[in-house]
Structure formats: structure tokens, C-alpha cells
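What follows is each chain in one-letter form.
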Amino acid sequence: MDEVKQIVLDIKNRKFRPIYFLMGEEPYYVDNISKYIENNVLSEEEKGFNQMVLYGRDVTIEDVVGQAKRYPMMSEYQVVIVKEAQDLARTIEKLVDYAENPQPSTILVLNYKYKTIDKRKKLYKTLKKSGVVFESKKLYDNQIGDWISRVLSGQNYTIAPKASQMLAEFLGTDLSKISNELDKLKIILPKGTQITPEHIELNIGISKDYNNFELQKAVGARDFLKANQIIKYFGENPKDNPMVVTVSLLFSFFSKVLHLHGLNDKSPRSVSTALKINPYFANEYIATSRNYPMRKVSGIIATLREFDVKSKGVGSNAVKQGDLLKEMIVRIMN
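Since the model is a prediction, treat every value here as computed from it, not as a measurement. (Residues numbered from 1 in each chain as written. Predicted model: local features only at pLDDT ≥ 70, side-chain atom pairs only at ≥ 80, totals over all residues. Heavy atoms only, no water.)

1. Observations concerning the nonpolar core
Membership of the largest hydrophobic core comes to 42 residues, with the highest contact counts inside it found for Tyr 20, Ile 37, Ile 107, Ile 148, Leu 167 and Ile 200. For Ile 37, the contacting residues outside a window of four places in its chain are Ile 11, Tyr 20, Gln 51, Val 79, Ile 107 and Val 109. Counting residues in each nonpolar core, the second largest holds 35 residues, with Ala 227, Leu 263, Val 271 and Ile 300 among its members. (Core = buried A, V, L, I, M, F, W, Y, C linked by side-chain atoms within 4.5 Å. Buried < 20%, exposed > 50% of the residue type's maximum accessible area, 1.4 Å probe, protein only. Contact = heavy atoms within 4.5 Å.)

Written as C-alpha cells, this is what we have:
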């Protein structure tokens, strides 16, 4: 995020580079930097003659270079944006000659999403010298909560750890989806608000009581009643609570608990650092490790592997999701 902020700040201060090569598995930042350039470099009057949007599937590198070499009309700059530039992957190295001597009055933006160029090749090295190369990396599951907090903090909001966990669990690592949901909340809630699980439930539709986060907590605490209530809810609402997601999250949870068993220092701070989790949840993992010895955790992981296969329909086509979940939880908690 710091690199993104610097790129945007430079553009805002009109410190332009002739080429912006935006690449990587996470499209959120690629799209947002490109959109910022599209909306803020030229005035509305200048855009008519001097802003061109191309699509990788419709053009060649030669077409892109031809547009980039044009001079602006009644403007200091022209902006050429190539969306879906990854469709030019086979011939992208042909951009080297232009990158070595880019047109100073052109701002060329290439959105090379879901891929990266080979950093060992000449094009990458040349682009680094003449322009900006930004790689947008996919965030891991355990990084999403911090990302949500940082985004909201910059906009004068805070979020409760449980609310952040609910969003991360329900929306996964798709930053665009998460950002869209946060935008909805910001429209409704005044600045300075702390976003709570109740806000998430009321405005986004994620149950604060019946979700995988609460199931994980109930299983870890060996709360049979609560776990069975959640499993019953999941069985009655299978489309909103796919078993494959539940299995995946419990697998990740117990894998971390197994790791915890191997730690010498089991203090909350050490555990949160070693497991790469929010310190707020460290005590939950420590309590779970006390409830489930290492040998039992190893058995649970084997059970989850078995039910991961079953959740995908292998050997259990006639069994309802609710029944599978119930059997899985009974085996884990007994």
C-alpha cells in the first residue's frame, strides 16, 4: 500500500513517468492506479483529443507504440491506457525499443493483470529505468484483516476484529469485492464510526452468530451446543455456507494449532507472530491447543482431508451437506 500511495502522490503532484507498467495477480491496485491516471492527469477538455483507451485483445504492440509516439494536441501530455495488456503477453518483449526511448509527452499505462513479465529479461530492466513497474501481489488470508483495518483507518473509520474476520471469511481475498462492501458501509455510517459485527450483519447480510468464524471458535472451545446450532444453520442454508469453505477454514485453523504445539514460547505475542495472526485471536488458539493435544490435532487434520474430498462429491453424492457437516464435527470434537 505504501508503494501505491507514493505512485498516486507523485501523479497528484504532476511528477509523471512516461510508462506505468502495472502487473500482478491482484487486479485491485492495477485497476485503481490506472483509473486514477485516467481521471486525474488530463482535464475534461484535454481528454477528447489526448486520452486513448486500448484493449490488448484488439491491438498489437505496434499499434500501442504508434499511439504512444503521437504528439498531444493543445495539451502538455497525452495519456494512452492499454487495458487487459496481458493479452499481448506473447509479443510484449517488442515493447523494449519504445521503453528505451519513450515519448516524453506521452503517459503510457499498461494494465498487465493476473500475470507478471519475466524479471530476468531486458524489457523488465528497461521499464524499471525509464518508468514505473508496479507488481500487485495477491494477499494471503491472514493479511486481509490488516488490509481492511489500514484502508478504513485512512478514511477515518475503525473496525472491530470480529467484524474484519467476518468480511475476510465471507469475501475471501478478493480486494475489489471487499472494497465494494466497505464503500457501502461508508455511505451508511458517518466518519469516526467503528464498524461492528452488527453493522456487517445488518448491511451486508453476513450472520454474526452463524458463520465459519463462530464455528471455529465453538469447536476450539469444545462448545458442542453452539457448534451444533451453527452446523444446523449451515445445513439449512447450504448455498450461503458451502461445506468446502468450512472445511478449508477449519483445516487452516487446526494447521496453525498444530504449529502452536511445536512452539517453545506459547505467550500470546509469540503465538501471534509465529502463526501470523491478529494478536486479538492469539488466546483463542492457545485455548484450543489446551483442549486438543497434538496427537488429536493431527487426527483432526486427517479427518478434514477426508471430508474435503467428500465435500467435493467424491464418495458422498447421496449424502446431504448438513449430514456430512454433522458427522465431521462429531469426529473432530469427540
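Here the narrative resumes, following the displayed structure.
2. So, the pattern of salt bridges
This structure, assessed with the given rule, holds 19 salt bridges. The salt bridge partner of Glu 181 is Lys 184, with a shortest N-O separation of 3.3 Å. With Glu 181 and Lys 184 both in helix 9 (residues 175–188), this residue pair falls three residues apart, about one helical turn. Among the residues examined, Glu 181 registers a relative accessible area of 14% and is labelled buried. A relative accessible area of 43% means that Lys 184 is categorised as partly exposed. (Salt bridge = Lys/Arg side-chain N within 4 Å of Asp/Glu carboxyl O. Helix = DSSP H or I, 4+ residues; strand = E, 2+ residues; numbered from the N terminus.)

3. Brief notes about the environment of Glu 44
For Glu 44, the position within the fold is in helix 3 (residues 44–50). For the pair Glu 44 and Ser 270, spaced 226 residues apart in sequence, the C-alpha to C-alpha distance is 54 Å. A distance of 3.0 Å separates the side chain of Glu 44 from the side chain of Lys 47, its partner in a polar contact. (Polar contact = N/O pair within 3.5 Å; in protein donor to acceptor, adjacent residues only side chain to side chain.)

4. Remarks on the sheet that holds strand 1 (residues 19–24)
On the basis of which strands lie adjacent, the open sheet formed by five strands has the order 2-3-4-1-5 and parallel pairing. This sheet does not close on itself; its edge strands, each paired only once, are strand 2 (51–55) and strand 5 (132–135). In this sheet, neighbouring strand axes are inclined to one another by 10 degrees on average, regardless of whether the strands run parallel or antiparallel. As judged from the five bridges shared by strand 2 and strand 3 (residues 78–83), these two strands associate in the parallel manner. Opposite Leu 54, over in strand 3, you have Val 82 as the bridge partner. Its contacts with the sheet put helix 4 (residues 61–68) on strand 2, strand 3 and strand 4 (106–113), and the angle it makes with strand 3 is roughly 165 degrees. (Pairing = 2+ DSSP bridges. Axes fitted to C-alpha atoms, helices over the stretch in contact; angles between N-to-C directions.)

5. As for a nonpolar patch on the surface
Together, Phe 49, Met 73 and Met 74 give the surface a local cluster of nonpolar side chains, amounting to about 370 Å² of exposed area. The residue Met 73 is located in the loop between helix 4 and strand 3 in this model. Under the relative-accessibility criterion, Met 73 is labelled partly exposed at 39%. (Patch = residues over 30% accessible without salt bridge, like charges linked within 9 Å, V, L, I, M, F, W, Y side chains within 5 Å. Areas by Shrake-Rupley, 256 points an atom, 1.4 Å probe, with all protein chains shown as cover.)

6. Section: the pairing of strand 1
With respect to burial, strand 1 is a largely interior element, six of its six residues being buried. Sheet topology places strand 1 next to strand 5; four bridges connect them, and they run parallel. Each residue of the ladder has a partner; that of Leu 22, found in strand 5, is Phe 134.

7. Points about the packing of helix 8 (residues 161–171) against helix 11 (residues 212–220)
Two elements in contact, helix 8 and helix 11, have axes separated by 9 Å at closest approach and are oriented at 115 degrees. In terms of axis orientation, helix 8 runs roughly perpendicular to helix 11. Two secondary-structure elements touch here, helix 8 through Lys 162, Gln 165 and Glu 169 and helix 11 through Asn 212, Phe 213 and Glu 214. Class assignment for the residues of the contact of helix 8 with helix 11 results in one nonpolar, two polar and three charged. (Parallel < 35°, antiparallel > 145°, perpendicular 65-115°, else oblique. Nonpolar A, V, L, I, M, F, W, Y, C, P; charged D, E, K, R; others polar.)

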